[in-house]
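Report on the structure
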Amino acid sequence: MTALITTIAILGAVMLVGYRWATWLDPRMPTLEARLVLGTLWGFVLLHLWLRGLDLVGVPWSLGAYIFPALAWWPGPRPRRDREAPAEPAARLGGWSPSDGVAIALIAVYTVFTQRLWNVHPDFVYHWGPKASRFFLADGIDHGYLAAPWNTHIHPDYPIFLPSLYALTGLVGRAFTAHAAVYWSVAFLSLSVLACRGALRDLQAPVWLVHGGLIVITSAATMFATGYLQAGGADWLITLAMVAGTGLLIAPPRAGQAWSIGAVAAFAAAAKIEGVPLAAFLLVGFTIRLSTTGLRPAVVLRAALRASSLPAVVIGLWLLRVARHGLFQASNTGPFDGQRLGLVLETLGSAWWTPNWHGMSAIVFLLPVLLIARTTRFAAALAALQGLTYLFIYLSTPVDPVALVLTTAPRLLFHLLPAIWLMIFVALAVVVEPRDYGWWACGR
Amino acid sequence: MCAAFAAWSVGACALELYRSLWLVAADPWAADAPSTWRLSSSQVSRLEPLAEAVRARLPAETPVTVSSVLRPGEAFFECLWVAYLLPELRVRCDGSTTAASQETFRVALGASGPAEDCRPVLRAGVGSLCAYGSTIGLVAADLPP
């Protein structure tokens, strides 16, 4: 129970800080869901930078973490009346419906499974958990543990936001247990669902599509995360970044959106190595999309620089840490071998149809259609490029590609499928009720 | 189409939850396949008394290696479980067999028993601890059938 209360308390602090910064920098976020989700991602990124900063100056996390909520009252993030968006119809959560009840029930079921530790990711035991334990014991980053030459199996070069978050939860709760970590997966599920709900409402899709999308996306995510054991793992973070990024690339461009794109990209980059290319694709996609709007190149360039600033800091700190301690693992990459393509595709064919997906992997093949649809093309391109990155990794890995595909492909698909489901419902909305779905769908 | 998607996803989710509950109840994870163990499985619970005893005996940061009767691939995963349960210690899972000069203790799982030069220190649950040189070491009892 202590771990649950601590997780909720830290999540509250993260939301408080992030909400202030997000609404200050991107005040025209159209829905409350968007504000909550993007605000929380802002909070996570700021918490990550805060903990890294404490580590750099040698302040124990158990002391410095309690100052973090004060960032909400930093002179910058106070809501500025002159930048506040006018009240918009979708700025509230909207009416409650049975689909919300279904989503909440599924999240509750996932919470029970997680509380019982029935669905804990093996990688939590193999490396995320041990790293978090060591950070908890060290009251900060245990560089000696990460750099130990006999410890390469813990992937010391991976970004460390997740174990830092787990360790912080343990430090605030005065004990590190698996529960100090796994409840965060419930938070990531809830935020992913909230992001999808906000994206569909922002589009002002027909109500039945919003409800249908909410049920399908929550069911699919809960299904896979339970059966394929995702609690405590880092794949949730990429899934969340994908749906949040998809929501932003579907929404009409707005002043301040660059900061939100930057927060999502920085969050992805802080989560996993796979998040670094995702961050790059998100930034490039945002910039290209903006450049097609008729804005002056200087304006587009400024927006791109704004969007890139936060991810650049996160990625820079990661590279600095990895280089400084010599952590990069040679096993991460090898020479590209196109001759493996047949073998990799054949193995992918069997890995994708893992029973845990119940055939849902098939929706990946809708990506070409979503690439054509005007509303979803940039989000679909993001998912397609991310998927192709995974294919590239399989073709260039120095380890056995068959084993790698079999053990990772189903959960790498988890990064993409909730976002693809979201795109499908957005595309359906445009098809079944053709009307002005906003700036981008109109093609202005 | 929307209703079909919803029926598909809710039905699949219900099946997956049922399957997960069945697996939890059946607890089918074999002792010799730690790569398949789950955190809530009984195989992990069997390791915990040994981990508790070792933790009580050894100071933090003590170097420890793990020996196992399992084939190398599974022995590696068994070592990862020990490392997870003993984060305070420097549990080495790199498979090095030439680090005896550096290793102070060894956790022996199953019937692997201590090496000749490793002095038994304690026995608990599914394993034991033995010490090298003038220090201690860790070795264990047999795996239950």
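The notes below deal with the structure included here.

Considerations on the side chain of A:Q329
Tracing the backbone through its elements, the reader meets A:Q329 in the loop between helix 13 (297–324) and helix 14 (341–352). On the accessibility criterion, A:Q329 (13% relative accessible area) is buried.

Remarks on the state of the cysteines
Summed over all chains, the structure comprises 1 disulfide over all chains. The cysteine A:C196 is free of any disulfide, with B:C2 supplying the nearest cysteine sulfur at 14 Å. With no disulfide partner, B:C13 has as its closest neighbouring cysteine sulfur the one in A:C196, 15 Å distant. Note on B:C13: relative accessible area 1%, which makes it buried.

Focus on unusual backbone geometry
The phi dihedral of A:H358 falls on the positive side, at around 50 degrees, and the residue is not glycine. Mapped onto the fold, A:H358 is located in the loop between helix 14 and helix 15 (367–372). Of note, the phi angle at B:D27 is positive, near 45 degrees, even though the residue is not glycine. Assignment of secondary structure puts B:D27 in the loop between helix 1 (2–26) and helix 2 (42–57).

Re the pattern of salt bridges
All names here are of chain A. All told, the structure shown has 15 salt bridges over all chains when counted by the stated rule. Notably, a salt bridge pairs D235 with R411, separated by 3.1 Å at the nearest N-O pair. Of this pair, D235 sits in helix 10 (residues 235–250) while R411 is found in helix 17 (residues 401–432), placing the two residues 176 residues apart along the sequence. The same class applies to D235 as to R411, namely buried. The salt bridge involving E274 is made with K272; its shortest N-O contact spans 3.1 Å. The network of salt bridges with shared partners includes D123, D235, K272, E274 and R411.

Looking at the environment of A:L16
All names here are of chain A. As for its position among the elements, L16 is in helix 1 (residues 2–25). Its relative accessible area of 35% is what places L16 among the partly exposed residues. Separated by 56 residues in sequence, L16 and A72 have C-alpha atoms that sit 6.4 Å apart. Those residues in contact with L16, other than ones at most four positions away along the chain, are A72 and W73.

Observations concerning helix 12 (residues 275–291) of chain A
Residues and elements named next belong to chain A. Compared with an ideal rise of 1.5 Å per residue, which puts 17 residues at 24 Å, helix 12 spans 24 Å between its outermost C-alpha atoms and is within 8% of the ideal. For helix 12, every residue scored as buried is listed here: G275, V276, L278, A279, L282, L283, G285, F286, R289 and L290. The elements touched by buried residues of helix 12 are helix 10, helix 11 (257–271), helix 13 and helix 16 (377–396).

Side note on a nonpolar patch on the surface
Taken together, the side chains of A:L56, A:V57, A:V59 and A:L63 make up a nonpolar region of the molecular surface, amounting to roughly 370 Å² of accessible area. Checked against the element boundaries, A:L56 lands in helix 2 (residues 32–57).

Thresholds applied
- Residues numbered from 1 in each chain as written.
- Chains lettered and ligands numbered in written order.
- Predicted model: local features only at pLDDT ≥ 70, side-chain atom pairs only at ≥ 80, totals over all residues.
- Heavy atoms only, no water.
- Helix = DSSP H or I, 4+ residues; strand = E, 2+ residues; numbered from the N terminus.
- Buried < 20%, exposed > 50% of the residue type's maximum accessible area, 1.4 Å probe, protein only.
- Disulfide = S-S within 2.5 Å.
- Salt bridge = Lys/Arg side-chain N within 4 Å of Asp/Glu carboxyl O.
- Contact = heavy atoms within 4.5 Å.
- Expected span 1.5 Å × (residues − 1).
- Patch = residues over 30% accessible without salt bridge, like charges linked within 9 Å, V, L, I, M, F, W, Y side chains within 5 Å.
- Areas by Shrake-Rupley, 256 points an atom, 1.4 Å probe, with all protein chains shown as cover.

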